[in-house]
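Chains, contacts and geometry: an overview
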Amino acid sequence: MDEVIQVTQWLSSITPRKKAKLFFFTTHADAPSPMVGSNDVDTHEETQLPLATTVALHNFKNIDEFLKKKVITFSCYNVIENEITKTDYEYLRFYSACKYLDVVPPFLDLEKISAIQNKFEMTDEERDYRLLLDSADLVLEKVCDSLKPAGVSQMWTALRKARNLIRGVKTIDIIGFFVDPNPTRIQECLFFFIVRFLQKADKINRVNTNRLERLIAQCDESSSCEEGKTIDFIIDSLRFYPTELYPFGFCLIMCVIEGRDGAMQEIEKTMEISRHLGMITHTEKNPTKETIELVKKELMKPKYQFYSSFTCWFMSHGDSNSMVLADGETIEREWFLTSFPDISTFQLKPKVFFMVSCRGANKFSLKGDEFESQSATCDYYDIGSTLIRNRMLDITDSVRDISYVQPMMDTLVAYSTILDHLSGRANTHGSIYVDRACVLMSENISRGRSSTEILEHLSQDLHEILQETMDEDRIVYKQACHYDSFFRKTLKLPYTRHPKEDVHSAPQ
């Protein structure tokens, strides 16, 4: 059968709603890192034009033409070995979106998908199509599904009032000021146009969504939300780090085994909980400084940009400033923590570090009645929020910027103990901190808990445990853990476990 006829038949089998979503997922907002500055990157106007004309003309002709062109381009594409191209990214994004929406063209060459995955050096686990989907786009899709056509129309009206933002944008003029919200599935095209416009204008990204939230906040709840949804519910969904679907993220486990009883137990526990959470895991036993440099180099490879989060467990002996490596050398803890967050593949994504080592030799030892509980009373003052707002600065869009980000932003560092103190361990089971952290994470999957809630519970749980030194003094002491957070959103644990049999990958 003629290829054009096949493509036409495939397009006719897709609903307007899925066409809009397929276009949205395929025109991913973020240019792939190796391609930044390349001449063939679509301009904002070219990418937005099919959405704008679909909304204005109430038909999907231009979106059909865009998707048809994509499919034909892919069918003619020859995969070049050893060189990752813009088309490679587009092919993977297109395939994963089709798979997610259950509209994979029967004539799509899946062997090319496998060849491209080989270029990215993807493991068997990483060939799951869900890894290739952008979590931020999936969150925005859910926001769109929670709004009625009238809600999206109200967002558009609010956006049109921001004259400084929209001035001179031809695609906005094509749509016009008022939009009829009634035509079927035009709402998706309009919502996705608004989102991509704000992204291209550097007003929102996967972390900074305030500008979009403000548009949604201006909607009338009674006419704008689907049944069972509220404006607050929709806005709250944007305030979590996007970690939809599988995998939850990439987990790096580094553990010094030499001279640390129970270290293998630590590895087993952290591997088990990371897989339980739906992470793809890599373990380095007895790391050296050279190992760390090699791992950092590995994490800069293009395939890691598909991950939505990064977690690192580092378990070793240490003191107040440094950690002891397998060869006896030490590295500064601060150097380790500041070198990983700056890796470009994980920018604007949550990065969690569990630093499990002593930070000194001090112990919070228990002696007699010295630590009897104390009680205190607090006075609470009810301050009206309106009064506060009236005295605060009016921060306008002109003084906001989301383009430049401090490297440590979106990073959380969890320490097994406080500065200058011991981090306790059991001879057979290793770090008590690791044990309790893994137990609490496992217990709280599917409960909607955030990472910081788990760490707060861990702090309470660990500080209740009486520990004893292994020397001749047999001092009984307590351990206190803590964390430093540079998070700008909330990182929730996944709602569902991700067993291995859930993985569906392209043919090898």
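Residues numbered from 1 in each chain as written. Predicted model: local features only at pLDDT ≥ 70, side-chain atom pairs only at ≥ 80, totals over all residues. Heavy atoms only, no water.

If you check an unreviewed UniProt entry, the protein appears there as Caspase from Penaeus japonicus.

1. Structural notes on the overall build of the protein
Applied cut-off: Runs of E in the DSSP output that reach at least two residues are strands. Runs of H or I that reach at least four are helices, and both are numbered from the N terminus. A 1.4 Å probe rolled over the protein chains alone gives each residue an accessible area, and that area as a share of the maximum for its type sets the label: buried under 20%, exposed over 50%, partly exposed in between. By definition, residues are in contact when any of their heavy atoms lie within 4.5 Å. Residue burial considers only the protein chains on display, and all accessible areas are found by Shrake-Rupley using a 1.4 Å probe.
Tallying secondary structure elements over the protein gives 21 helices and 13 strands in all. When burial is assessed residue by residue, the protein has 50% of its 508 residues classed as buried. Relative to all contacts within the protein whose residues are 6 or more apart in sequence, the contacts with residues 24 or more apart total 79%. Carbon together with sulfur atoms contributes 49% to the accessible area of the protein, which is approximately 24800 Å² in total.

2. Observations concerning the sheet that holds strand E11 (residues 467-468)
Selection rule: Between any two strands, pairing holds if DSSP finds at least two bridges.
One open sheet accounts for three strands, arranged E7-E12-E11; its pairing is antiparallel. Single-partner strands in this sheet number two, and they are strand E7 (364-365) and E11. With two bridges connecting them, E11 and strand E12 (residues 476-478) associate as antiparallel partners. When the bridges of E12 are listed, Gln467 appears paired with Tyr477.

3. A short note on the nonpolar core
To keep things clear, this is the line we draw: Throughout, nonpolar core names a set of buried Ala, Val, Leu, Ile, Met, Phe, Trp, Tyr and Cys residues whose side chains join them through atoms within 4.5 Å.
Core analysis: the biggest nonpolar cluster contains 102 residues, and Trp10, Phe191, Phe336 and Phe340 have the highest contact counts within it. The greatest single-element share of this core, amounting to 10 residues, is contributed by helix H12 (residues 186-200). Every residue in contact with Trp10, bar those within four places of it in the chain, is listed here: Leu22, Val71, Phe94, Cys98, Val103, Val104, Pro105, Pro106 and Phe107. By size, the runner-up hydrophobic cluster in this structure holds 35 residues, among which are Cys251, Ala263, Met271 and Phe487.

4. A word on helix H20 (residues 432-443)
Under the convention used in this document: Working rule for helices: expected span equals 1.5 Å times residues minus one. We define a polar contact as two N or O atoms separated by no more than 3.5 Å, with the added condition that, inside protein, one atom must be a possible hydrogen donor and the other a possible acceptor, whereas residues neighbouring each other in sequence contribute only through side-chain atom pairs.
Helix length check: H20 (12 residues) gives 17 Å between terminal C-alpha atoms against 16 Å at 1.5 Å per residue, within 8%. Turning to H20, its buried residues number three or more, namely Ile432, Tyr433, Val434, Ala437, Cys438, Leu440 and Met441. Two to three positions downstream of the cap, the backbone nitrogen of Tyr433 sits 3.2 Å from a side-chain oxygen, assigning the N-cap of H20 to Ser431.

5. Some words on the packing of helix H16 (residues 263-276) against H20
Defined as follows: Where helices are involved, their axes are fitted lines through C-alpha atoms of the stretch in contact, as for all axes, and angles between N-to-C directions lie from 0 to 180°. Throughout, the term roughly parallel applies to angles under 35 degrees, roughly antiparallel to angles over 145, roughly perpendicular to angles from 65 to 115, and oblique to all others. Two helices cross in a left-handed way if the nearer one is turned anticlockwise from the farther one by less than a right angle. They cross in a right-handed way if the turn is clockwise.
Between H16 and H20, the shortest axis-to-axis distance is 10 Å and the interhelical angle comes to 20 degrees. Relative to H20, the element H16 is oriented roughly parallel. Note that H16 runs across H20; the crossing there is left-handed. Here H16 contributes Glu266, Lys269, Thr270, Ile273 and His276 to the contact with H20, which in turn contributes Val434, Asp435, Cys438, Met441 and Ser442.

6. Re the packing of aromatic side chains
Defined as follows: Classification of ring pairs rests on two measures: the distance between centres of Phe, Tyr or Trp rings, Trp counted by its six-membered ring, which must be within 6.5 Å, and the angle between planes, read as stacked under 30 degrees, edge-to-face over 60 and tilted in between. Think of it as a cone above the ring: NZ of Lys or CZ of Arg counts as a charge over the ring if it is within 6 Å of the ring centre and within 35 degrees of the ring normal.
Taken as a whole and assessed by the stated rule, the structure comprises 27 aromatic pairs. Taken together, a centroid distance of 5.3 Å and an interplanar angle of 70 degrees make the contact between Phe250 and Tyr307 edge-to-face. Placement of the pair is Phe250 in strand E1 (residues 249-255) and Tyr307 in the loop between helix H17 (289-299) and strand E3 (310-315), with a sequence separation of 57 residues. For the pair shown, Phe250 and Tyr307 are each scored as buried. Both rings, one in Phe310 and one in Phe346, keep their centres 5.1 Å apart while their planes meet at 45 degrees; by these two values the pair is tilted. Of this pair, Phe310 sits in strand E3 while Phe346 is found in the loop between helix H18 (333-339) and strand E6 (351-356), placing the two residues 36 residues apart along the sequence. There is no split in this pair, since Phe310 and Phe346 are both buried. Site record: aromatic cluster; members linked through ring pairs are Phe250, Tyr304, Tyr307, Phe310, Phe314, Phe336, Phe340, Phe346 and Phe353. Its guanidinium or amino end placed over the ring of Trp335, Lys289 lies 5.0 Å from that ring's centre, counting from NZ or CZ. Positioned above the aromatic ring of Tyr415, the side-chain terminus of Arg359 is 4.1 Å from the ring centre.

7. Thoughts on the sheet that holds E1
One open sheet holds the six strands; their spatial order is E2-E1-E3-E6-E8-E13, and the pairing between them is mixed. The open sheet has two free edges, formed respectively by strand E2 (279-285) and strand E13 (482-485), since each of these has just one partner strand. Adjacent strand axes in the sheet meet at a mean angle of 15 degrees, parallel and antiparallel pairs treated alike. The pairing of E6 with strand E8 (residues 411-415) spans five bridges and is classified as parallel. Among the inter-strand pairings, Phe354 is bridged to a residue of E8, identified as Ala414. H20 rests against E3, E6 and E8 of the sheet, and its axis sits at about 150 degrees to E3.

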